[in-house]
Amino acid sequence: PDRRFEAMAVVLRITGFVGLMTLLPGCALLSDSVKTEQFIAEDIVGVWMLSDASAEQLRIEQLAFLSDGRKCSVNLSFDAADGAGELRSKGRWRLSGDAIVTELEYSASAWLLKGDVLRQQIISSSPTQLQLRWDSEEPSQPRPVSDYRRVSGVSVEDLCRLAGPREQEAIQTPPTVEASG
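All of these numbers come straight from a predicted model, not from anything done at the bench.

Some points on the overall build of the protein
In step 1: The number of helices and strands found in the protein is 4 helices and 8 strands.
In step 2: Ordered by position from the N terminus, the helices and strands of the protein form the series α-α-β-β-β-β-β-β-β-β-α-α.
In step 3: Across the 181 residues that make up the protein, the buried fraction comes to 28%.
In step 4: Pairs at least 24 residues apart make up 38% of the contacts formed inside the protein by residues separated by at least 6 positions.
In step 5: As displayed, the protein has an accessible area near 12,500 Å², and 57% of this comes from carbon and sulfur atoms.

Structural data, given as structure tokens:
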């Protein structure tokens, strides 16, 4: 009986060793799939969603980074102090080192204006996850990291249409008055 247990123990050790050797390359590939530097546009292009719920705030945001350089964003939020909020914007994006730099072409917000340049540091990216942090004007108080997940089945053009001006916002120029004379 002892020989059978010895033989089983040897088989288990060999099986465990083979299993471990099979798993290690897979773990190495998995760890390499998360980038923390040297980002390329293909890492970013796509539709990303953030969903954040805390005791203070509920926030849902969808971002679209298009290969032609367009960026569209729709952000819906609710908090006890301010109630419901909406932020929609469109712009042009580019990579600059470890950051996404966006120049706004449109914003439905009073505090983000056409021409503003926004910078988000890329903390990490993988095929399914993108972690970003807005630049802070106060370096001693960095902003929190936002964790976006890649989504599929979302029409980029529909998202960009939602991010753009609504009919009542599109025409904001006051009528001109002709001088009579």
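There is more to say, and it comes next.
Examining the layout of surface pockets
In step 1: Estimated volume of the largest pocket: approximately 900 Å³.
In step 2: As for the largest pocket, its lining consists of 35 residues, of which Arg59, Asn75, Leu87, Trp111 and Trp134 are closest to the centre.
In step 3: Those elements giving two or more residues to the lining of the largest pocket turn out to be strand S2 (57-65), strand S3 (70-79), strand S4 (83-96), strand S5 (99-107) and strand S6 (117-125).
In step 4: Tallying contributions element by element places S4 first for the lining of the largest pocket, with 8 residues.
In step 5: The residue inventory of the lining of the largest pocket, partitioned by class, reads 11 nonpolar, 12 polar and 12 charged.

A short note on the packing of aromatic side chains
In step 1: Scanning the model with the defined rule gives 1 aromatic pair in all.
In step 2: On the basis of an interplanar angle of 75° and a centroid distance of 5.3 Å, the ring pair of Phe65 and Trp93 is categorised as edge-to-face. Note that Phe65 is positioned in strand S2 and Trp93 in strand S4, a separation of 28 residues in sequence. For the pair Phe65 and Trp93, one class covers both residues: buried.

Things to note about the nonpolar core
In step 1: Counting residues in hydrophobic clusters, the biggest one holds 12 residues: Phe39, Ile44, Trp48, Leu50, Leu63, Phe65, Trp93, Ile100, Ile122, Leu130, Leu132 and Tyr148.
In step 2: Among the secondary structure elements, those contributing two or more residues to this core are strand S1 (46-53), S2 and strand S7 (129-134).
In step 3: One finds Ala64, Leu66, Cys160 and Ala163 within the second-largest nonpolar core, a separate group that totals 8 residues.

Structural notes on the side chain of Ser109
In step 1: Mapped onto the fold, Ser109 is located in the loop between S5 and S6.
In step 2: Since its relative accessible area comes to 11%, Ser109 is described here as buried.
In step 3: A polar atom in the side chain of Ser109 sits 3.4 Å from the backbone nitrogen of Leu112.

Some points on the state of the cysteines
In step 1: One pass over the full model with this rule turns up 1 disulfide.
In step 2: Disulfide pairing is shown between Cys72 and Cys160; the S-S distance is 2.0 Å. Taking the torsion about the sulfur-sulfur bond, which here is approximately 95°, the covalent link between Cys72 and Cys160 counts as right-handed. Highlighted residues: Cys72 in strand S3 and Cys160 in helix H3 (residues 156-163), separated in sequence by 88 residues.

A look at the side chain of Ser124
In step 1: You can see Ser124 is positioned in strand S6.
In step 2: You can call Ser124 buried: its relative accessible area is 8%.
In step 3: At 2.8 Å, the side chain of Ser124 and the side chain of Gln131 are in polar contact.

Re the confidence of the model for the protein
In step 1: Mean pLDDT over the protein stands at 79; residues scoring 70 or higher make up 69%.
In step 2: The weakest mean pLDDT in the protein belongs to helix H1 (residues 2-32) at 45; the strongest belongs to S5 at 96.
In step 3: A low-confidence stretch, residues 14-32 (pLDDT under 50), is modelled with 0 contacts involving residues beyond four sequence positions or located in other chains.
In step 4: In the model, residues 171-176 has pLDDT below 50 throughout and makes 0 contacts with residues more than four positions away in sequence or in other chains.

What counts, and at which threshold
Residues numbered from 1 in each chain as written. Predicted model: local features only at pLDDT ≥ 70, side-chain atom pairs only at ≥ 80, totals over all residues. Heavy atoms only, no water. Helix = DSSP H or I, 4+ residues; strand = E, 2+ residues; numbered from the N terminus. Buried < 20%, exposed > 50% of the residue type's maximum accessible area, 1.4 Å probe, protein only. Contact = heavy atoms within 4.5 Å. Areas by Shrake-Rupley, 256 points an atom, 1.4 Å probe, with all protein chains shown as cover. 1 Å grid on protein atoms, 1.4 Å probe; cavity = no way out; pocket = protein on both sides within 12 Å on 5 of 7 lines; lining within 4 Å. Points joined across faces, edges and corners; volume = space filled by probe spheres on them. Nonpolar A, V, L, I, M, F, W, Y, C, P; charged D, E, K, R; others polar. Phe/Tyr/Trp six-rings, centres within 6.5 Å; stacked < 30°, edge-to-face > 60°. Core = buried A, V, L, I, M, F, W, Y, C linked by side-chain atoms within 4.5 Å. Polar contact = N/O pair within 3.5 Å; in protein donor to acceptor, adjacent residues only side chain to side chain. Disulfide = S-S within 2.5 Å. pLDDT = per-residue confidence, 0-100.

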